[in-house]
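Residue-level listing of the chains:
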Amino acid sequence: MKFVSTRGDKKEWTFSEALEQGLAPDGGLFVPQALPQISWKDLNQDEMATCLVNAFVGAEDPLKNKVDSIIERAINFPLPVTQVSDKLSLLELYHGPTAAFKDVGARFLAQAYGALGREQTILVATSGDTGGAVASACDEVKSLRVLILFPENGVSQRQRKQLTCWGKNITSLAVKGSFDDCQKLVKETFAQYAKKLTSANSINIGRLVPQMIYYAKSAKAYFEEHGVAPHFIIPSGNMGNALACLMVRAMGLPVGRLTLSCNANRPVVDYFSSGKFTPRPSVKTLANAMDVGNPSNWERVAWFVEHSGSFLDDVEAFSIEDEEIKHTIKNVWAAQQRMICPHTATAFASWERLHKPAHAIAVATAHPAKFDDIINPLIGQKVTLPDSLQKIDDLQENYEVIDASLEKLFAILQQ
Ligand SMILES: *Cc1c(COP(=O)(O)O)cnc(C)c1O
């Protein structure tokens, strides 16, 4: 399997090369030349994960014989499907160390870098969840050095803890400025030090591919139990999680319809009604990890549509605004004593909107405790922290405050 750029550069890259580069040299995103078909019926659940990832890691790739151990170390927590009601199930992706689905991709990426044995510096700007998942994942891989930039006053106390409580190979920098300032610093530093740095953001192919594992496994298990290909309802922002599901379906696994649940950020929703994709400035919502006005993975989706006309067949998208998110969090608590995060609430709200509900699996992307400031007042209860987050809360913070200037960052990089 080889990877190419979405922007038409004809050069071919291996999985490891695509993983280490992040972005293609022409500025495009890496995509697999073609999606292989998987003969899934005879695979057991463990074989499924290996087989799926191996379909992307070619025979000549240095990671070839390391896929099993990477998966084993990266996905060392459960990804269960639980029953909500007669026809609705929940795929719980929040049992990892930072209690959100980004743990899956971040941990796979970190372990893959570790298996490649390179000494690497990863630079990330974060406004919350991604940085925590990356820091936690890289804490275990000592050949990696990580620099995390976050806005000094732009993250919650618990989010800051998740960015600043790690080992010596993780340097956390609170920037006197906004998230945009952090991103600007990262961009300028990459321009200067491109050869020495790597990124770990969600467009990296090493985060996308492992996310396919939980869709393949849960779809197969569901199909075997219920005799129908499940309909997935996926909270979506940058479209990385949903893209993994679309790819799994295109590879022949038993996935039925897809419903993309967006918040008030509507470019994807408007695409399905108008046929045109128009990026917009992002708007702030309660489901803040989905506050994306220009989903970066859309470039991949468009590439797949161009190369396989049926890629987006049987897909629809809904926009769920804050009032409906709040209402859904309250209703689900009242009806089922179930606490859900604001992102997961968009999936429950979408389920309510579907006219003839088929068998569906809604995706729960974060643990409610990550958003207890929103949920506690709505349900009049305190969300209890899962052990993973409690552990982080008990650790010591360690970070440096810096001005939003390149000088200081360059100095730290050169240490
Ligand atoms: C990142 C994130 C999302 C959105 O996922 P995308 O891959 O960006 O579409 C949804 N929910 C939570 C909790 C997230 O952290």
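Only a predicted model underlies this, so the values are computations on that prediction, with no experimental measurement involved.

Novice: Would you mind going over the site of the ligand with me for this structure?
Specialist: What surrounds the ligand is a group of 14 residues, the closest being K102, G237, N238, M239 and T365. Separating an oxygen atom of the ligand from a backbone N or O atom of N238 is a distance of 2.8 Å. With the chains in place, 97% of the 380 Å² that the ligand exposes on its own is no longer accessible. When the residues that make up the shell around the ligand are grouped by side-chain class, the tally is five nonpolar, seven polar and two charged.

Novice: What am I meant to see in the sheet that holds strand β13 (residues 400-403) here?
Specialist: Note: strands within a sheet are paired through backbone hydrogen bonds, in either parallel or antiparallel orientation. Reading across the sheet, the five strands line up as β8-β5-β6-β7-β13 and stay open at both edges, with parallel pairing between neighbours. Every other strand in the sheet has two partners, leaving β8 (197-198) and β13 as the edge strands with one partner each. When strand β5 (residues 120-125) meets β8, the two strands line up parallel, connected through two bridges. Residue T121 lies in a different strand from β8, and its bridge partner there is L197. Its contacts with the sheet put helix α6 (residues 157-164) on β6 (144-151) and β7 (170-176), and the angle it makes with β6 is roughly 160°.

Novice: Just checking my understanding: could you explain the environment of T365 for this structure?
Specialist: Looking at the secondary structure, you find T365 in the loop between β12 (360-364) and α14 (372-379). For T365, a relative accessible area of 5% corresponds to the buried category. Between the C-alpha atom of T365 and that of C341, which follows or precedes it by 24 residues, the distance is 8.0 Å. Other than its neighbours up to four places away in sequence, T365 contacts A99, A100, F101, P235, N241, C341, H343 and T344.

Novice: Please explain the side chain of S350 as it appears in this structure.
Specialist: Position of S350 among the secondary structure elements: in helix α13 (residues 342-353). If we skip the residues at most four places from it in the chain, S350 touches I233, T259, S261, F318 and I320.

Novice: Would you take a moment to explain the sheet that holds strand β11 (residues 315-319) for this structure?
Specialist: What the six strands build is an open sheet, ordered β3-β4-β12-β9-β10-β11; its pairing is mixed. For this open sheet the edge positions go to β3 (81-83) and β11, each flanked by a neighbour on one side alone. This sheet shows a mean twist of 25° between the axes of neighbouring strands, independent of strand direction. Note that strand β9 (residues 231-235) and strand β10 (residues 258-262) share four bridges and pair parallel. When the bridges of β10 are listed, F232 appears paired with L258. Running at roughly 140° to β9, α13 makes contact with β4 (88-92), β9, β10, β11 and β12 of the sheet.

Novice: Looking at this model, I keep getting lost on the layout of surface pockets. Mind explaining?
Specialist: The rolling of a water-molecule-sized probe over the atoms marks out the regions of remaining empty space. In this structure, the second largest pocket encloses a volume near 320 Å³. Lining the second largest pocket we find 17 residues, and of these D46, A49, I71, I213 and K217 sit closest to its centre. Contributions of two or more residues to the lining of the second largest pocket are made by α2 (45-54), α3 (67-74) and α8 (205-226). The biggest single contributor to the lining of the second largest pocket is α8, with five residues. Each residue belonging to the lining of the second largest pocket can be placed in one class, and the counts come to ten nonpolar, three polar and four charged.

Novice: Help me understand the packing of helix α12 (residues 322-336) against α14 in this model?
Specialist: When two helices pack together, their arrangement is given by the angle between the helix axes and the distance between those axes. Taken N-terminus to C-terminus, the directions of α12 and α14 make an angle of 60°; their axes are 9 Å apart at the nearest point. On the basis of their axis angle, the class for α12 and α14 is oblique. Judged by the twist between their axes, the crossing of α12 over α14 is right-handed. Contact with α12, carried on its side by K326, I329, K330 and W333, involves I375, L378 and I379 of α14 and no other residues of that element. For the contact of α12 with α14, the residue count by class is five nonpolar, no polar and two charged.

Novice: Please explain the nonpolar core as it appears in this structure.
Specialist: The nonpolar side chains of soluble globular proteins are, as a tendency, buried together. Among the nonpolar cores identified, the biggest contains 95 residues, and F15, F56, Y215, F232 and M247 are the most heavily contacted of them. Looking at which element gives the most residues to this core, the answer is α8, with ten residues. Excluding its chain neighbours within four sequence positions, the residues that come into contact with M247 are P32, L35, F56, L208, M212, F304 and F311. V332, A345, W351 and F371 belong to the second-largest nonpolar core, a separate cluster that totals 36 residues.

Novice: Please explain empty space enclosed by the protein as it appears in this structure.
Specialist: Summed over the entire model, instances satisfying the criterion amount to two cavities of 30 Å³ or more. Volume-wise, the largest cavity comes out at about 40 Å³. Of the volumes computed, that of the second largest cavity is approximately 30 Å³. If you trace the second largest cavity, you find it lined by A106, L109, A110, Y113, I122, V134, C138 and A200. Contributing elements (two or more residues each) for the lining of the second largest cavity: α4 (102-116) and α5 (129-139).

Novice: Explain the packing of aromatic side chains to me, please; I cannot follow it from the model alone.
Specialist: Aromatic ring pairs are defined here through the distance separating the ring centres and the angle between the ring planes. All chains considered together, the criterion is met by 13 aromatic pairs. An aromatic cluster of three or more residues is present, and its members are Y271, F272, F277 and W298. Between K11 and the ring centre of W13, over which it is positioned, the NZ or CZ distance is 4.5 Å.

The rules we used
- Residues numbered from 1 in each chain as written.
- Predicted model: local features only at pLDDT ≥ 70, side-chain atom pairs only at ≥ 80, totals over all residues.
- Heavy atoms only, no water.
- Near = heavy atom within 4 Å.
- Polar contact = N/O pair within 3.5 Å; in protein donor to acceptor, adjacent residues only side chain to side chain.
- Areas by Shrake-Rupley, 256 points an atom, 1.4 Å probe, with all protein chains shown as cover.
- Nonpolar A, V, L, I, M, F, W, Y, C, P; charged D, E, K, R; others polar.
- Pairing = 2+ DSSP bridges.
- Helix = DSSP H or I, 4+ residues; strand = E, 2+ residues; numbered from the N terminus.
- Contact = heavy atoms within 4.5 Å.
- Axes fitted to C-alpha atoms, helices over the stretch in contact; angles between N-to-C directions.
- Buried < 20%, exposed > 50% of the residue type's maximum accessible area, 1.4 Å probe, protein only.
- 1 Å grid on protein atoms, 1.4 Å probe; cavity = no way out; pocket = protein on both sides within 12 Å on 5 of 7 lines; lining within 4 Å.
- Points joined across faces, edges and corners; volume = space filled by probe spheres on them.
- Parallel < 35°, antiparallel > 145°, perpendicular 65-115°, else oblique.
- Left-handed = near helix turned anticlockwise from the far one by under 90°.
- Core = buried A, V, L, I, M, F, W, Y, C linked by side-chain atoms within 4.5 Å.
- Phe/Tyr/Trp six-rings, centres within 6.5 Å; stacked < 30°, edge-to-face > 60°.
- Lys NZ or Arg CZ within 6 Å of the ring centre and 35° of its normal.

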